[in-house]
Amino acid sequence: MSEDIAKTSQRTPWVIGNWKMNGGLAANQSLLAAMLPALNAGGGRTRRARVGVCAPFPYLAQLQSALEDTGVAWGAQDVSDKTSGAFTGQVSAGMLAEFGVGLALIGHSERRQYNGESNVLVAAKAAAALAAGITPVICVGETLAEREAGQHQSTVAAQLAACAPVLRQAGSAVIVAYEPVWAIGTGKTASPAEAQAMHAFIRDQLRLAATACADCSVLYGGSVKASNARELFAQPDIDGGLIGGASLIAADFLAIVAAA
Ligand code: 13P
């Protein structure tokens, strides 16, 4: 799965669901059952886009058994920067790889905010995922205060700069997700023009950090819905979306996948 992901990640449009800390065995089963016929019909992709789902750790085995014969990728929402040892509560990339995990969200703003993850730790986690053959989905984005202070570009530039060594190593086998914190779960989406401007900026930063990864996929996340997905995904530097709330409702997620 991960080799396949690495091969297809050159500006491949992706729609990735981030279930966050939601779900349960029965609820996941119904959600997957409601989505799989439509997703399978496209071999886990629309005409252009690939599809992935990132679940809490305990449900990775469930995703593995539901998705392993489909083209849909499954992923984790975090990974340790360590490989093994006395790190209670952490999960290594090698362990995730055993469950066929192909994607790992790294440095989601909720982890930066609630778990104090620094840019340096995020870079180390991305390197650990990559070393285990898992495609890191590196999340970047500014808070409302940073945007209001005109620091949105410098914040994101610093987040990416910390990851420069791993970006250089990964080439296009990495996915970057721009998620302005003020747009996450607030219903307040960045306008297509605002999102496009940041995506163009991010692509420039990637070129500066590591020419090799200038062609990686850059996804937008933050209140993406069926009603705004098409316009966002039509922007020249937006390669798809990282979807939170709407990925928990089969019809909404499928409509967003169709928009890609
Ligand atoms: P929402 O789509 O619920 O705003 O969440 C976005 C997100 O954080 C995806 O990782």
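Everything below is about the structure printed above this text.
Residues numbered from 1 in each chain as written. Predicted model: local features only at pLDDT ≥ 70, side-chain atom pairs only at ≥ 80, totals over all residues. Heavy atoms only, no water.

Colleague: It is not clear to me how the site of the ligand should be interpreted in this structure. Could you clarify?
Modeller: Looking at the ligand, the residues that line it are Asn-18, Lys-20, His-108, Glu-179, Ala-183, Ile-184, Gly-185, Gly-222, Ser-223, Leu-242, Gly-244 and Gly-245. A distance of 2.9 Å separates an oxygen atom of the ligand from a polar backbone atom of Gly-244. Between the ligand and the protein, one listed contact pairs an oxygen atom with a backbone N or O atom of Gly-245 at 2.8 Å. Class assignment of the residues belonging to the shell around the ligand gives a composition of 3 nonpolar, 7 polar and 2 charged. (Near = heavy atom within 4 Å. Polar contact = N/O pair within 3.5 Å; in protein donor to acceptor, adjacent residues only side chain to side chain. Nonpolar A, V, L, I, M, F, W, Y, C, P; charged D, E, K, R; others polar.)

Colleague: Would you mind showing me how to read the layout of surface pockets here?
Modeller: Here the idea is plain: a probe the size of a water molecule rolls over the atoms and shows the empty space left. Taken as a whole, the largest pocket encloses approximately 360 Å³ of empty space. Lining the largest pocket are 14 residues, and of these Lys-20, Met-21, Gln-77, Asp-78 and Arg-111 sit closest to its centre. Among the elements that take part in the lining of the largest pocket, helix α5 (residues 109–114) stands out by supplying 3 residues, more than any other. (1 Å grid on protein atoms, 1.4 Å probe; cavity = no way out; pocket = protein on both sides within 12 Å on 5 of 7 lines; lining within 4 Å. Points joined across faces, edges and corners; volume = space filled by probe spheres on them. Helix = DSSP H or I, 4+ residues; strand = E, 2+ residues; numbered from the N terminus.)

Colleague: Any chance you could explain the pattern of salt bridges here in plain terms?
Modeller: Overall, the coordinates contain 11 salt bridges when judged by the stated rule. The closest approach of N and O atoms between Lys-125 and Glu-117, which form a salt bridge, is 2.7 Å. Here the two residues Lys-125 and Glu-117 agree in accessibility, since each one is buried. Put simply, Asp-237 and Arg-203 hold a salt bridge, and the shortest N to O gap is 3.5 Å. Note that Asp-237 is positioned in the loop between α11 (226–233) and β8 (240–243) and Arg-203 in helix α10 (residues 192–209), a separation of 34 residues in sequence. Across this residue pair, the class does not change: Asp-237 and Arg-203 are buried. Among the ionic contacts, a cluster of salt bridges with common partners joins Arg-11, Arg-203, Asp-237 and Asp-239. (Salt bridge = Lys/Arg side-chain N within 4 Å of Asp/Glu carboxyl O. Buried < 20%, exposed > 50% of the residue type's maximum accessible area, 1.4 Å probe, protein only.)

Colleague: Mind showing me how you'd approach the nonpolar core here?
Modeller: Nonpolar side chains tend toward joint burial in soluble globular proteins. Among the nonpolar cores identified, the biggest contains 70 residues, and Leu-63, Ile-138, Leu-167, Ile-202, Leu-206, Tyr-220 and Phe-233 are the most heavily contacted of them. Looking at this core element by element, the count peaks at 6 residues for α10. Excluding its chain neighbours within four sequence positions, the residues that come into contact with Leu-63 are Trp-19, Leu-32, Val-53, Ala-55, Glu-68 and Trp-74. Counting 12 residues, the second largest nonpolar core, distinct from the first, contains Ala-73, Leu-103, Cys-139 and Ala-177. (Core = buried A, V, L, I, M, F, W, Y, C linked by side-chain atoms within 4.5 Å. Contact = heavy atoms within 4.5 Å.)

Colleague: What am I meant to see in the sheet that holds strand β2 (residues 50–54) here?
Modeller: The strands making up a sheet are joined through hydrogen bonds of the backbone, oriented either antiparallel or parallel. Around the barrel, 8 strands lie side by side as β1-β2-β3-β4-β5-β6-β7-β8; this closed barrel has parallel pairing. Strand-to-strand twist in this sheet, taken as the mean axis angle between neighbours without regard to direction, amounts to 25°. Against the sheet, helix α12 (residues 250–259) touches β1 (14–18), β2 and β8, its axis set at about 160° to β1. (Pairing = 2+ DSSP bridges. Axes fitted to C-alpha atoms, helices over the stretch in contact; angles between N-to-C directions.)

Colleague: Can you help me understand unusual backbone geometry in this one?
Modeller: Despite not being glycine, Lys-20 has its phi angle at roughly 50°, a positive value. Mapped onto the elements of the fold, Lys-20 is located in the loop between β1 and α2 (25–41). One non-glycine residue, Ser-223, lies in the positive phi region at around 55°. Within the element layout of this structure, Ser-223 appears in the loop between β7 (217–221) and α11. Among the residues examined, Ser-223 registers a relative accessible area of 15% and is labelled buried.

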